Amino acid sequence: MKKIVTELEKGNVPLEEALSQFKQGVQLSQDLQAKLDGAEKTLAKMMTDEDQTVAFEAPSESKDDANGDKA
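What this report covers is the structure whose coordinates are included nearby.

The rules behind the values
Residues numbered from 1 in each chain as written. Predicted model: local features only at pLDDT ≥ 70, side-chain atom pairs only at ≥ 80, totals over all residues. Heavy atoms only, no water. Helix = DSSP H or I, 4+ residues; strand = E, 2+ residues; numbered from the N terminus. Buried < 20%, exposed > 50% of the residue type's maximum accessible area, 1.4 Å probe, protein only. Areas by Shrake-Rupley, 256 points an atom, 1.4 Å probe, with all protein chains shown as cover. Patch = residues over 30% accessible without salt bridge, like charges linked within 9 Å, V, L, I, M, F, W, Y side chains within 5 Å. Salt bridge = Lys/Arg side-chain N within 4 Å of Asp/Glu carboxyl O. Axes fitted to C-alpha atoms, helices over the stretch in contact; angles between N-to-C directions. Left-handed = near helix turned anticlockwise from the far one by under 90°. Contact = heavy atoms within 4.5 Å. Nonpolar A, V, L, I, M, F, W, Y, C, P; charged D, E, K, R; others polar.

**With respect to the overall build of the chain**
Move 1: When helices and strands are tallied, the chain shows three helices and two strands.
Move 2: Written out in order from the N terminus, the α and β elements of the chain read α-α-β-β-α.
Move 3: Taking all 71 residues of the chain together, the buried fraction comes to 7%.
Move 4: In the structure as shown, the chain presents an accessible area of about 6,700 Å², 53% of it carried by carbon and sulfur atoms.

**Re a nonpolar patch on the surface**
Move 1: A cluster of nonpolar side chains, contributed by Met1, Val5 and Leu28, occupies part of the molecular surface with about 230 Å² of accessible area.
Move 2: Checked against the element boundaries, Met1 lands in the segment before helix H1 (2-10).

**Some details on the packing of H1 against helix H2 (residues 15-43)**
Move 1: The geometry of H1 relative to H2 is characterised by a closest axis approach of 10 Å and an angle of 145 degrees between their N-to-C directions. Taken as a pair, H1 and H2 cross one another with a handedness that is left-handed. Here H1 contributes Ile4, Glu7 and Leu8 to the contact with H2, which in turn contributes Glu17, Ala18, Gln21, Phe22, Gln24, Gly25 and Leu28.
Move 2: For the contact of H1 with H2, the residue count by class is five nonpolar, three polar and two charged.

In structure tokens form, the structure reads like this:
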């Protein structure tokens with residue numbers, strides 16, 4: 001991917017080849033995004049004590065904290 005970007009930045013690539021390289025770069029980008037999405041879904045799960053997989057949720061603020069009230 002880096003090689004494609006470097007060649008396109010130089011500007012010495014014929015238009016047809018530049019378009020081909022651009023398409024290849026877009027495809028690589030989409031493939032990598034799909035892999036990242038899959039990894040994120042895997043990391044966003046956790047196991048319970050009963051060996052059940054559940055979605056991970058970040059702790060939410062209490063109602064008092066959300067309103068700015070302090071106990």
